[in-house]
Amino acid sequence: MPINLDDNRADLIVKIDKIIDQKLPAKDAVLIKEFLLQYYLGVSSYDLRSKSILDLYGALISHWHFIFQRLPGQAKLRVYNPQLEQHGWQSTHTVIEVAHDNKPFLLDSLRLALSKLDINIHLIIHAEGVRFVRDEAGKILQVLPLDFNNKAKNKYTNAIQEAPIYMEIDRQKDGASIEKICAELNKVLEDVDIIVKDWPAMVANLNNVCHALETQNNNEVITFLHWLEDNHFTFIGYVEYEYLVDKKNNTILQYVAGSGLGVLSDARQYNLTRELSKMDPSAREQYLNNERLLLGKTDTMASVHRPAYTDFITIKIFNEQDKPARLVRFVGLYTSAAYNEMLDSIPFIRKKIERVFKLAKFPKNSHDGKALAHIIETLPRDEIFQAADVEIFDFAIGILHLQERQRLRLFMRRDVFGRYFSCLVFVPREVFSSQLRKDIQQILLKELQGQSVTFDSKFSESVLARIHYIVRIDPNAEINYDAKILEEKIIEAARTWGDDLKDALDAHWGEEKTNDLFKKYGNAFPVSYREIFSARSAIIDIEHIENLKNYDDSHLEMSLYRPIEETEESFRFKLFRNSKAIPLSD
């Protein structure tokens with residue numbers, strides 16, 4: 001039976017509790033009733049009220065049977081369509097059940113995988129941190145209560161903290177779809193396991209790198225690496241390369257066997273040798289110059305935590321001849337703390353901002369200096385991490401020169417490794433629309449030979465909206481583009497009937513009168529008019545309307561005209577009168 005809206009969570013638990021007593025043996029009921037108290041704890045009352053008592057009971061018992069036997073460290077996953085005859089309960093959705101040790105990133109990563117498959121989630125039950133005592137075969141002997149505390153910890157040294165997860169997703173009609181979901185989710189579980197397992201080793205390697213840099217006068221780089229460790233970076237992979245010279249006397253980066261950790265572990269397949277001679281010259285320069293630290297984006301989407309391309313932190317270790325000898329790379333994602341922290345408190349980055357101000361050549365405490373500081377602080381944080389000093393300078397100065405003017409501007413740069421274009425588009429807020437955003441996106445994809453694109457829109461107190469596009473490209477493709485021509489195409493796509501009207505007014509009456517008339521008529525013409533008549537036609541109508549001011553309300557103005565598409569035997573006319581509408585007669 002449906003649940004009444006006035007039932008609260010405690011009432012629902014009591015009702016399910018009674019069903020357990022009625023249907024299950026007393027020995028099983030004791031365990032399951034304790035599990036029940038924790039199972040639905042994190043589910044909203046709204047979601048609970050949308051289910052029948054029998055459906056809630058069925059989900060609980062089904063999941064209990066699935067997790068009842070599990071060995072430590074074992075990941076169990078089941079995706080199925082519950083049928084009453086086969087499973088003893090039913091659901092209109094496809095059900096996912098997970099039994100797993102409680103680990104970071106688990107739920108977020110599963111949701112991320114389903115989102116990539118374009119599958120909607122209708123319900124999530126995440127009994128995070130529930131503690132089970134299991135026997136040697138992995139069967140549950142005891143469910144520790146919610147009020148379990150450290151005082152009783154010694155009594156339950158073999159208790160395992162687990163994370164049973166239950167999801168209801170869009171109904172999958174065939175076995176192939178279910179198998180695909182299973183494959184994707186199992187890969188996610190494997191990634192989570194290997195990342196969590198290798199996390200201590202990755203952090204240890206970070207500290208080893210810092211120790212190696214201590215003798216090379218790299219204090220700012222060392223401080224930055226320790227800053228990453230302090231909850232500013234989620235480490236998901238690590239690898240090392242050596243700088244070697246091949247038989248053709250070309251410098252190569254050779255993978256160091258056994259160095260891979262996390263998603264870059266030796267169990268995974270990836271490029272073992274990188275030939276610098278085959279890289280784009282700008283990318284090759286990054287590996288050969290004297291800079292100790294390289295920051296950038298990979299071309300791989302993260303499989304854990306959140307939907308984003310992974311970031312890389314690359315450190316070059318130099319030999320006694322001051323030549324790069326070893327390269328270590330961490331991959332992962334910057335945390336929210338890294339994106340929200342003020343730039344002047346981020347090691348290494350603060351030095352980059354100081355160099356940008358030197359390029360600007362005006363003091364930080366001047367009017368322009370304060371404006372520039374605000375602009376840099378509010379630029380997309382990934383741009384600050386990855387763009388070169390001069391690129392940040394060009395972006396910031398260009399935005400400063402906009403000076404809140406109602407005009408469209410495009411600022412763009414190509415990733416030094418050739419993986420993407422970063423495009424900042426500023427659009428007057430009154431012009432911005434979802435359709436315009438899509439139109440700009442299509443222009444960028446076409447003109448830059450993009451393979452995919454992501455965007456992020458930002459609105460503030462400014463009269464301009466900002467759209468940040470990342471256009472992914474083939475690193476090996478030769479792409480010829482002109483940023484100015486590209487901007488002009490975007491401006492043309494953003495043009496409105498109102499823009500045409502203002503230009504027509506200016507051409508007809510000049511700037512001084514145009515400003516007054518545009519304030520009066522800029523939004524005066526309805527959509528139905530703008531769909532039929534051009535802005536040039538509106539100029540003639542405005543003349544007739546303005547002429548009415550010279551007469552009393554009984555005066556009529558008339559416009560006789562023939563559209564170019566009409567024959568000479570026909571014409572049309574418009575009537576204008578002040579204050580009152582003209583009634584139409586038969």
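Before going into details, it helps to say that this report is about the structure given with it. (Residues numbered from 1 in each chain as written. Predicted model: local features only at pLDDT ≥ 70, side-chain atom pairs only at ≥ 80, totals over all residues. Heavy atoms only, no water.)

1. Quick word on the overall build of the chain
Check the secondary structure of the chain and you find 20 helices and 20 strands. Per-residue burial for the chain yields a buried fraction of 46% across its 586 residues. A separation threshold of at least 6 residues defines the contact pool for the chain, and within that pool the share at least 24 residues apart is 65%. Element-wise, carbon and sulfur atoms account for 49% of the exposed surface of the chain, whose accessible area totals about 31,600 Å². Charge-centre separation for the chain: the mean point of 75 positive side chains lies 3 Å from the mean point of 86 negative side chains. (Helix = DSSP H or I, 4+ residues; strand = E, 2+ residues; numbered from the N terminus. Buried < 20%, exposed > 50% of the residue type's maximum accessible area, 1.4 Å probe, protein only. Contact = heavy atoms within 4.5 Å. Areas by Shrake-Rupley, 256 points an atom, 1.4 Å probe, with all protein chains shown as cover. Lys, Arg positive; Asp, Glu negative; His and termini not counted. Charge placed at Lys NZ, Arg CZ, Asp CG, Glu CD.)

2. Focus: a negative patch on the surface
Together, Asp506, Glu511, Glu512 and Asp516 make up a region of like negative charge exposed at the surface. Per-element tally for the negative patch: the top contributor is helix 18 (residues 511-521), with three residues. Inspection of the secondary structure puts Asp516 in helix 18. (Patch = residues over 30% accessible without salt bridge, like charges linked within 9 Å, V, L, I, M, F, W, Y side chains within 5 Å. Salt bridge = Lys/Arg side-chain N within 4 Å of Asp/Glu carboxyl O.)

3. Details of helix 2 (residues 26-39)
For helix 2, spanning 14 residues, the distance from its first C-alpha to its last is 19 Å, which sits close to the expected 20 Å at 1.5 Å a residue. Among all positions in helix 2, only Ala29, Leu31, Ile32, Phe35, Leu36, Gln38 and Tyr39 are buried. The secondary structure elements touched by the buried residues of helix 2 are helix 1 (9-23), helix 4 (53-67), strand 3 (121-126), strand 4 (130-134), strand 5 (140-143) and strand 7 (165-169). (Expected span 1.5 Å × (residues − 1).)

4. Some details on the packing of helix 1 against helix 4
Two elements in contact, helix 1 and helix 4, have axes separated by 10 Å at closest approach and are oriented at 65°. Relative to helix 4, the element helix 1 lies roughly perpendicular. The element helix 1 and its partner helix 4 pack so that their crossing is right-handed. Across the interface between the two elements, Leu12, Lys15, Ile16, Ile19, Ile20 and Lys23 of helix 1 pack against Ile53, Leu54, Leu56, Tyr57 and Leu60 of helix 4. A per-class count over the contact of helix 1 with helix 4 returns nine nonpolar, no polar and two charged. (Axes fitted to C-alpha atoms, helices over the stretch in contact; angles between N-to-C directions. Parallel < 35°, antiparallel > 145°, perpendicular 65-115°, else oblique. Left-handed = near helix turned anticlockwise from the far one by under 90°. Nonpolar A, V, L, I, M, F, W, Y, C, P; charged D, E, K, R; others polar.)

5. Some thoughts on the environment of Phe35
Secondary-structure assignment places Phe35 in helix 2. Judged by its relative accessible area of 0%, Phe35 is buried. Each C-alpha atom, one on Phe35 and one on Ile160, is 14 Å from the other, the two residues being 125 residues apart in sequence.

6. Brief notes about the sheet that holds strand 15 (residues 409-414)
Reading across the sheet, the four strands line up as 15-16-18-17 and stay open at both edges, with antiparallel pairing between neighbours. Because the sheet does not close on itself, it has two edges, and the strands there are strand 15 and strand 17 (452-458). In this sheet, adjacent strand axes meet at a mean angle of 15° when their direction is disregarded. Pairing analysis gives six bridges linking strand 15 to strand 16 (residues 420-428), with the strands arranged antiparallel. In the strand pairing of strand 16, Met412 is matched with Cys423. Helix-sheet contacts for helix 14 (residues 389-402) involve strand 15, strand 16 and strand 18 (464-472), and the interaxial angle to strand 15 is about 180°. (Pairing = 2+ DSSP bridges.)

7. Topic: the packing of aromatic side chains
The description of an aromatic ring pair rests on the distance of the ring centres and on the angle between the ring planes. Taken as a whole, this structure holds 30 aromatic pairs when the rule is applied. Taking NZ or CZ as reference, Lys76 lies 4.7 Å from the ring centre of Phe66, over its face. If you follow Arg78 out to its NZ or CZ, it ends over the ring of Tyr80, 4.3 Å from the centre. (Phe/Tyr/Trp six-rings, centres within 6.5 Å; stacked < 30°, edge-to-face > 60°. Lys NZ or Arg CZ within 6 Å of the ring centre and 35° of its normal.)

8. With respect to the nonpolar core
Where a protein is soluble and globular, its nonpolar side chains tend to be buried together. With 52 residues, the main nonpolar core has Phe224, Leu225, Ile313, Ile315 and Ile349 as its most contacted residues. Take this core: its biggest share by element is eight residues, from helix 14. (Core = buried A, V, L, I, M, F, W, Y, C linked by side-chain atoms within 4.5 Å.)

9. Quick look at the sheet that holds strand 5
One open sheet holds the three strands; their spatial order is 5-4-6, and the pairing between them is antiparallel. Strands with a single pairing partner mark the edges of an open sheet, and in this sheet they are strand 5 and strand 6 (159-162). In this sheet, neighbouring strand axes are inclined to one another by 35° on average, regardless of whether the strands run parallel or antiparallel. Summarising the sheet, strand 4 and strand 6 pair through four bridges and their orientation is antiparallel. Following the sheet pairing, Val133 is matched in strand 6 by Ala159. Its contacts with the sheet place helix 2 against strand 4 and strand 5, and it is angled at close to 50° to strand 5.

10. Observations concerning the environment of Asp482
Note on placement: Asp482 falls in the loop between strand 18 and helix 16 (483-494). On the accessibility criterion, Asp482 (40% relative accessible area) is partly exposed. Placed 22 residues apart in sequence, Asp482 and Ala504 show a C-alpha to C-alpha distance of 29 Å. Within the structure, Asp482 has its side chain in polar contact with the backbone nitrogen of Lys484 (distance 2.9 Å). (Polar contact = N/O pair within 3.5 Å; in protein donor to acceptor, adjacent residues only side chain to side chain.)

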